[in-house]
Amino acid sequence: MLKQYFPIFQWLPGYKKTNLSSDITAGITVGIMLIPQGMAYAMIAGLPPVFGLYAALIPQIIYAIMGTSRQLAVGPVAMDSLLVASGLGALAISGIDEYISMAIFLAFFMGVIQLLLGLFRMGFLVNFLSKPVISGFTSAAAVIIGLSQLKHLLGTDIEQSSQVHILLLNALKTISQTNFYALGIGIVTIAIIKGIKTIHKSIPAALVVVILGIAGVYLSGVYELGVKIVGTVPEGLPGFKVPSINTSRITELIPIAITLALIAFMEAISVAKAVEEKHSDYEVDANQELIALGSSNIIGSLFQSYPTTGGFSRTAVNDQAGAKTGISPLVSALVVGLTLLFLTPLFYYLPNAVLAAIIMVAVFGLIDFKYPLQLLKNRKDEFLILIITFIITLTVGITVGILLGVLISLLVLLYRTSIPHIAELGRIKGTTYFKNIKRFPEDTEVQDNILILRFDAQLYFGNKDYFKNELYKKIETKNDKLDTVILDAGPINFIDSSAVYVIKQIVQDLKKKNIKFLFASAIGPTRDILFNSSLMSSIGSKNLFVDVQSAYENCKNSVSNTDVQKKIVLQAIK
């Protein structure tokens, strides 16, 4: 039990000393990367930069102890930071102190939700976030995050909004107030980052531009010309404090916390699974990941951390730098801790425009163009879901975008299951194969007295009438010679009570017309339903066959089931 909830006890006793140098190198690399990133992401969330460092400290340590991925880098990320800003920005908050309290409590709240989901084995919920929804949402969020940094890049006071059209209008209103020194710093920073990445991706470009930005602003004195700088960053480690807010505000945070909990888990599990494929020495457990991420956010919030999760870019860097175990995030946390203790005064002259440029380069790389084009070419229905999610997220809001995207995906799924594929089968000449007569019109044999139908979905209240109507349409196309209907039930893995009632009606209607109804290829769970719902008494055990060929031979040559076949078709768990 201890090892299940604290996986560190699985790998630490057998830790290989040969991995230590790789873990330390990776940990230092990610730690250095986290310092400017954390401060930049805190700005996205609307928090003072130091809270990005707080969020990069304790959550990493907790995840190293409880997480199942040995390369996942946990800390502040752009997406969650934007969700915090958009969620809290929609509430009536009196000042920065209350805003900070709400952000920290939000980490605690979402952590509790993730922990409960993990304990109740609810990791499968992330499956409802389909790839088109994720792609549309991520691309739209990247655009909003990038544009939200215009205020720092232009050096103006642009009123923030999670709706892109309002944000752009607000930016246009203040365009005449642009500080060209800040704009120049931002453009040069973007160019340097891009240039460094073309030289070698392993070079910590963010750290390089931070150092250059601090030195340049300090030596040139442009901060006296209106270029906004980070200013005083509090020294020392975050203190222990139980997050608290007015209880009347908790209900306002419920939709934000649920959205954050699921999105954060989706981000973490997707990147953790991607990295896991490169390593054969461990397996990622989705439910334990929920527990680990939830615990990281809960305990992190006690030390002034706002919502965190596994980051895409840092995890990739951690893996590429050679991280083998959870020692790497512990080293990263140590780097952040030492920075908080001794190095925060160095960030005083760091221009906001540099942090804005770091964010813009990072998030615009998240905009996916290839996947939408693939969907447009091959799956127009899923392309439509992606575009709708993208547009709603951009124009209505972050939370509404993801929720409506999921809702639309579920509606499309329900629509598809309500009118599933149904095929009339014929025997391929000279074989025992039965295939769709529309696909093999010249190769199939069709008997006037036999109708063979395959229904490619579960039978439930949403498609029972469709099944009945399609069956009767097929029957009407046959002449008066029809005496047998064979249902290939192989693809049917479930039949609910509504569908059971409809099948009973169909059997009774066919009996009145002297037409036999044969059930073929039913799998175990379906046979269980046949027996437990008393449907078998309507169909008759003699009309149940192991496969379509057996049912077909029964019609053609009156061949009965063998003893083995009887044993199989009558096997059910009651």
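On a predicted model such as this, the values are computed, not experimentally measured, just so you know.

A few words on the nonpolar core. By size, the foremost hydrophobic cluster in this structure holds 118 residues, and its most contacted members are Met39, Leu47, Leu88, Leu253, Tyr306 and Leu350. Top element by residues in this core is helix 13 (residues 250–276). It accounts for 14 residues. Filtering out sequence-adjacent residues up to four positions away, Leu253 remains in contact with Leu88, Leu91, Met102, Phe105, Leu106, Phe109 and Ile245. Among the nonpolar cores identified, the runner-up in size contains 35 residues, and Ile492, Ile515, Phe517 and Phe519 belong to it.

To continue, consider helix 17 (residues 352–364). Spanning 13 residues, helix 17 covers 18 Å between terminal C-alpha atoms, matching the ideal 18 Å at 1.5 Å per step. Most of helix 17 is tucked away, with eleven of its 13 residues classed as buried. Within helix 17, the full set of buried residues consists of Asn352, Ala353, Val354, Leu355, Ala356, Ala357, Ile358, Ile359, Met360, Val361 and Val363. Looking at the buried positions of helix 17, the neighbouring elements they touch are helix 3 (20–44), helix 6 (78–89), helix 8 (131–148), helix 9 (150–154), helix 11 (180–199) and helix 12 (205–220).

Next up on the list: the packing of helix 11 against helix 17. Running from amino to carboxyl end, helix 11 crosses helix 17 at an angle of 45°, the nearest separation of the two axes being 8 Å. With respect to each other, helix 11 and helix 17 are oriented oblique. Note that helix 11 runs across helix 17; the crossing there is right-handed. Only Ala353, Val354, Ala357, Ile358 and Val361 of helix 17 make contact with helix 11, whose side of the interface consists of Ala182, Ile185, Gly186, Thr189, Ile190, Ile193 and Lys194. Tallied by class, residues from the contact of helix 11 with helix 17 come to nine nonpolar, two polar and one charged.

We now examine the environment of Asn479. The residue Asn479 is located in the loop between helix 21 (464–477) and strand 7 (484–488) in this model. Judged by relative accessible area, Asn479 falls into the partly exposed class, the value being 38%. Distance in space between the C-alpha atoms of Asn479 and Gly326 is 71 Å, their sequence separation being 153 residues.

The next thing to look at is the pattern of salt bridges. According to the stated counting rule, one finds 15 salt bridges in the structure shown. Note that Asp281 and Arg70 form a salt bridge whose closest N and O atoms lie 3.6 Å from each other. Residue Asp281 is found in the loop between helix 13 and helix 14 (286–301), and its partner Arg70 is found in the loop between helix 5 (58–66) and strand 1 (74–75); the two are separated by 211 residues along the sequence. Asp281 sits in the partly exposed class, given a relative accessible area of 46%. Taking the shortest distance from any N to any O, the salt bridge between Arg427 and Glu445 comes out at 3.6 Å. A residue pair is termed long-range when its members are at least 10 positions apart, and Arg427 in strand 3 (residues 422–428) and Glu445 in strand 5 (residues 444–445) qualify at 18 residues. We classify Arg427 as buried; its relative accessible area is 17%. It is possible to trace a salt-bridge network through shared partners that takes in Arg379, Asp381, Glu382 and Arg416.

What counts and how
Residues numbered from 1 in each chain as written. Predicted model: local features only at pLDDT ≥ 70, side-chain atom pairs only at ≥ 80, totals over all residues. Heavy atoms only, no water. Core = buried A, V, L, I, M, F, W, Y, C linked by side-chain atoms within 4.5 Å. Buried < 20%, exposed > 50% of the residue type's maximum accessible area, 1.4 Å probe, protein only. Helix = DSSP H or I, 4+ residues; strand = E, 2+ residues; numbered from the N terminus. Contact = heavy atoms within 4.5 Å. Expected span 1.5 Å × (residues − 1). Axes fitted to C-alpha atoms, helices over the stretch in contact; angles between N-to-C directions. Parallel < 35°, antiparallel > 145°, perpendicular 65-115°, else oblique. Left-handed = near helix turned anticlockwise from the far one by under 90°. Nonpolar A, V, L, I, M, F, W, Y, C, P; charged D, E, K, R; others polar. Salt bridge = Lys/Arg side-chain N within 4 Å of Asp/Glu carboxyl O.

Just distances and angles here, no functional claims.
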